[in-house]
Amino acid sequence: MAAAFDPSGRLPDVFLNVGTSSFTQFLSAAAPDLLPGRRPLPPGSATGLVPHATTIVTLTTTDGVVMAGDRRGTMGNLISSRDMRKVHPADAHSLVGFAGTAGIAMELVRLFQVELEHYEKIEGAMLSLDGKANRLAAMVRSNLGAAMQGLAVIPIFAGFDLAAADPTRAGRIFSFDVAGGPYEEVGYDGIGSGSLFAKSALKKRYRPGMSTEEAIRVAVEALYDAADDDSATGGPDLSRRIYPVVMTATAEGTNRLSDAEAATVAEAVVAARLENPGG
Amino acid sequence: MAMQFYASPEQIMRDRSELARKGIARGRSAVMLSYEGGVLFVAENLSSALHKVSEIYDRIAFAAVGRYNEFENLRRAGVRMADTTGLSFDRRDVTGRALANAYAQTLGAIFTEQSKPFEVEICVAEVGGTPEDDELYRITYDGSVNDEPGRMAMGGQAEAVTGALKADHQLDMSLEAAVRLAVRALGSVGGEGGAPRTIAASQLEVAILDRRRVGRTFRRITGAPLTALLNGSPAEATGTETPDPKLPATGPDKPTESAASADLEGPDKSTGSTTGGKDAGNGNDKPGQGKAKPAK
């Protein structure tokens, strides 16, 4: 912790000030070196030096949202990871996925998770869904300098809005770009290199009012389509038993499908594609 | 020039202690105790918004008596410290002992350096795998720390309340028995002519650190579940203790893949995955071996 040596050993003033309920704002005063956007970067481009994470899709259902991500990390033309996890719970009712520079993204997601929990503990109440999306936008924007040097991170955020008047429309999706955001999306969205293909698949298969089970199937199909045409997106790896990470956020909270559950869906999708490769 | 009166350091410290002690004794008491399923906090508190008991981290909670503005500052500092440690290292690396030390140093420094000490007494509790592993730290206005044996009372007529607690407290009590003991202890003082008081559910702030949960274990008990516990209808009470049931902890907390608490993943289903060693080895350990107890 960045504090001058104090012989009394007490917590530095910045801890005891009334200050802010935002953890990132607190860190910017107490320990700026822990914030990814605050580090000076050497000149030059770092593209191709670091693993990149790829495709995430998310769609709304009558119960909330579903988010699914493939497991591949790439470094140039090489596969750097086969079992990278890109979809995470942000808090009890929302999910965050990322595409782009994996190292910075992991850190951003960790920070975002702590940010939401921190606010909840300090204030005794959760941030609104829009508040969470705005915080994430600010955190993405703070990474703009690194993004311009080839270390871009693009998250996608989706959650169950506890304040929604109609619980069947409580699932909401927000997308971002390197300069921040958020942009609210209707129905479905995808990010990452394979998102072009995944979104085309979703465009044909998505319809409002889907159940969570249907949406999970459609999400995995969309990832399969992305992997079909994008070399940086990995399909279900049946030989190693590595399946897409699928998470849901509903009124009951967030949940990650177990490996067995994800395997069932992924194997069904693969089996269907053996009949009809176009889906 | 006016003559400066000499006051000996002993005198100054005595005066400050007296001020702090009087301030703390003016308020109402709070009781913390270990029971079979976790650590219970019961505080007399007329407000339902200004809390005396709050969550700090996954298995750590904070309770305080005295001046609200002063302990609220300390609570925020604790949350900030815990979250900073958890982010820099891992969630398992946040300990109640480190927090108790930081509070002790801070209160000690304020007591000696400032003309008015903080009129607060705080408790940092960390729930362990078994009641014997629970840690309860009492930190007083002058920065002294005590490791309490599974139960403590602070604020108001704390000694009398502690006496009432001590007589009947056992580490293997049920939640219902623990709540009723705590309320009985709180009500044993302050009644007309020494008679015990009855305290209504609306005047109590009750929370637990639930030993059986993974991730964030802190839960408040309010409303109907609390009334059921106080009135002793066990069937109802057991159903309401966990309004949001999650699987019990099956072993040591695993390293988190992200900084989110483990309870956000839903029931822990990741074991048996063939993808790698990250999760291997969990799930075979008995509960209770969960947490290494830091050396005292």
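What you see is a predicted model, and the numbers here were worked out from it, not measured in a lab. Residue positions within a chain follow its written sequence, with the count starting from 1. Both sets of labels track the order of writing: A upward for chains, 1 upward for ligands. It should be noted that, the model being predicted, local features are given only for residues of pLDDT at least 70 and side-chain atom pairs only at 80 or more, the latter also being counted only at that level, while totals for whole chains, interfaces and linings use all residues. By convention in this description, side-chain values take in all heavy atoms of the structure and omit both hydrogens and water.

A word on the overall build of chain B
As a reminder of what qualifies: The way it works is that DSSP assigns letters per residue, a run of H or I at least four long becomes a helix, a run of E at least two long becomes a strand, and they are numbered from the N terminus. A 1.4 Å probe rolled over the protein chains alone gives each residue an accessible area, and that area as a share of the maximum for its type sets the label: buried under 20%, exposed over 50%, partly exposed in between. Here, two residues are considered to be in contact whenever any of their heavy atoms come within 4.5 Å of each other. Per-residue and other accessible areas follow the Shrake-Rupley method at a 1.4 Å probe size, with only the shown protein chains counted as cover for residues.
Counting its regular elements, chain B contains seven helices and ten strands. In chain B, which comprises 296 residues, the proportion classed as buried is 52%. Contacts in chain B between residues at least 24 apart in sequence constitute 69% of all its contacts with a sequence separation of at least 6. When the accessible surface of chain B is split by element, carbon and sulfur atoms take 53% of a total near 13,200 Å².

Digging into the overall build of chain A
Note the threshold: This radius of gyration counts C-alpha atoms alone. The globule rule is 2.2 Å times how many residues there are, raised to the power 0.38. For the purpose of counting charges, residues Lys and Arg are taken to be positive, whereas Asp and Glu are taken to be negative. His and the chain ends are not included. The location of each charge is read from NZ of Lys, CZ of Arg, CG of Asp or CD of Glu.
From N to C terminus, chain A includes eight helices and 13 strands. Against the globule reference of 19 Å for 279 residues, chain A gives a C-alpha radius of gyration of 20 Å, in line with a compact fold. Dimensions of chain A, computed from C-alpha atoms along their principal axes, come out at roughly 70 × 50 × 30 Å. Relative to its full complement of 279 residues, chain A shows a buried share of 54%. Partitioning the contacts of chain A with sequence separation of at least 6, the portion at a separation of at least 24 is 66%. Each charge class in chain A can be summarised by its mean position, and for the 25 positive and 32 negative side chains these summaries are 4 Å apart.

A closer look at the interface of chain B and chain A
How large an interface is tends to be reported as the accessible area lost when its parts come together. Cut-off, in case you're wondering: Two parts placed together each lose some accessible area; with a 1.4 Å probe, that loss summed over both constitutes the buried area. Each reported salt bridge corresponds to a side-chain nitrogen of Lys or Arg within 4 Å of a carboxyl oxygen of Asp or Glu. Counted as a polar contact is a pair of N or O atoms within 3.5 Å, where, for protein atoms, one must be capable of donating a hydrogen and the other of accepting one, and residues adjacent in sequence contribute only when both atoms are in side chains. Under the grouping applied here, Gly and all other residues not named as nonpolar or charged are polar, the nonpolar ones being Ala, Val, Leu, Ile, Met, Phe, Trp, Tyr, Cys and Pro and the charged ones Asp, Glu, Lys and Arg.
With 40 residues of chain B at the interface, the matching set in chain A holds 44 residues. In this assembly, chain B packs against chain A so that about 3,800 Å² is buried in total across both faces, 51% of it on carbon and sulfur atoms. Broken down residue by residue, the surface that chain B buries against chain A is led by B:R80, B:L87 and B:L264, which jointly contribute 19%. Ionic pairing is found between A:E117 and B:R91, a salt bridge with its closest N-O pair at 3.0 Å. At the junction of chain B and chain A, the tally comes to 16 residue pairs in polar contact (both at pLDDT 80 or more). Only β3 (53–57), α2 (68–88) and α3 (96–113) of chain B provide two or more residues apiece to the side of chain B that touches chain A. If one sorts the elements of the side of chain B that touches chain A by residue count, α2(B) sits on top with 13 residues. Considering only residue class, the side of chain B that touches chain A consists of 15 nonpolar, 14 polar and eleven charged.

Observations regarding the pairing of strand β3 (residues 64–69) of chain A
Sheet faces and side chains relate simply in a regular strand, where the side chains alternate between the two faces. All names here are of chain A. In plain terms, the rule: Criterion used throughout: strands pair if DSSP finds at least two bridges between them.
Within β3, six of the six residues are buried, which leaves it mostly tucked inside the rest of the structure. Sheet analysis places strand β2 (residues 56–60) next to β3, joined by five bridges and oriented antiparallel. Bridging across to β3, T58 finds its partner in M67. In the sheet, β3 pairs with strand β12 (residues 245–250) via six bridges, with the strands oriented antiparallel. Paired with G69 across the strands is V245, a residue of β12.

Remarks on the sheet that holds strand β13 (residues 253–256) of chain A
Residues and elements named next belong to chain A. Cut-off, in case you're wondering: All axes here are fitted lines through C-alpha atoms, helices being fitted over the stretch that makes contact, and every angle between N-to-C directions spans 0 to 180 degrees.
Taken in spatial order, the five strands make up an open sheet running β11-β2-β3-β12-β13, and their pairing is antiparallel. Each edge of the sheet is formed by a strand with only one pairing partner; in this case those strands are β11 (188–191) and β13. Across the sheet, the mean angle separating the axes of adjacent strands is 15° when strand polarity is ignored. Most of the contacts of helix α6 (residues 195–205) go to β11, to which it runs at about 165°, and overall it touches β2 and β11. Helix α7 (residues 212–229) contacts β2, β3 and β12 of the sheet and is inclined by roughly 25° relative to β3.

Quick word on the pattern of salt bridges
What the rule picks out here adds up to 41 salt bridges over all chains. The shortest N-O distance in the salt bridge between A:E184 and A:R172 comes to 2.8 Å. Linking A:E184 in strand β10 (residues 180–185) with A:R172 in strand β9 (residues 171–177), this pair joins segments that are twelve residues apart in sequence. Among the residues examined, A:E184 registers a relative accessible area of 43% and is labelled partly exposed. For A:R172, a relative accessible area of 15% puts it in the buried group. Of the charged contacts, one joins B:E119 and B:K116 as a salt bridge, the two residues approaching to 2.9 Å between their closest N and O atoms. What emerges from the salt-bridge pattern is a single network uniting A:E117, A:K121, B:D58, B:D83 and B:R91.

Structural notes on the packing of aromatic side chains
Put simply, the rule is: To pair, rings of Phe, Tyr and Trp, with the six-membered ring standing in for Trp, must have centres within 6.5 Å; the planes then decide the type, stacked if under 30 degrees apart, edge-to-face if over 60, and tilted in the middle.
The full count for this structure, using the stated rule, is eight aromatic pairs over all chains. Ring centres of A:F23 and A:F26 lie 6.1 Å apart, and the angle between their planes is 35°; on these two criteria the pair is classed as tilted. With A:F23 and A:F26 both in helix α2 (residues 23–30) and three residues apart, this pair spans about one turn of that helix. Classification of A:F23 as buried rests on a relative accessible area of 0%. A ring pair is formed by B:F111 and B:Y141, whose centres lie 5.8 Å apart and whose planes are at 55°; its orientation type is tilted. In this pair, B:F111 is assigned in helix α3 and B:Y141 in the loop between β6 (135–139) and β7 (145–148), connecting sequence segments 30 residues apart.

Digging into a nonpolar patch on the surface
All names here are of chain A. To keep things clear, this is the line we draw: Within the patch definition used here, like charges are joined within 9 Å and nonpolar side chains (Val, Leu, Ile, Met, Phe, Trp, Tyr) within 5 Å, considering only residues with over 30% relative accessible area and no salt bridge.
Among the surface-exposed residues, L144, M148 and V178 lie close enough to one another that they form a single nonpolar patch of about 270 Å² accessible area. Looking at where L144 falls in the secondary structure, it is placed in helix α5 (residues 144–148). With a relative accessible area of 31%, L144 lands in the partly exposed category.

Points about the sheet that holds strand β8 (residues 151–154) of chain B
All names here are of chain B. Read across the sheet, five strands follow the order β8-β1-β2-β9-β10 without closing on themselves; strand pairing throughout is antiparallel. Of all the strands in the sheet, just β8 and β10 (218–221) have a single pairing partner and so form its edges. Strand after strand, the sheet turns through a mean of 15° between neighbouring axes, direction not considered. In terms of strand pairing, strand β1 (residues 30–35) meets β8 through four bridges, oriented antiparallel. For L33, the partnering residue across the bridge sits in β8 and is R151. Packing against the sheet, helix α4 (residues 158–168) makes contact with β1 and β8, and its axis sits at approximately 155° to β8. The strands that helix α5 (residues 175–187) touches are β1, β2 (38–44), β9 (204–210) and β10; relative to β2, the one it contacts most, it runs at about 30°.

Some details on the UniProt feature "active site" (unreviewed entry) in chain A
The condition that has to hold: UniProt positions are given in the numbering used here, feature names are shortened, and annotations may be inferred rather than shown by experiment.
Using the residue numbers shown here, the UniProt feature "active site" (unreviewed entry) corresponds to A:T54. Reaching out from A:T54, the side chain makes a polar contact with the side chain of A:D70 at a distance of 3.4 Å.

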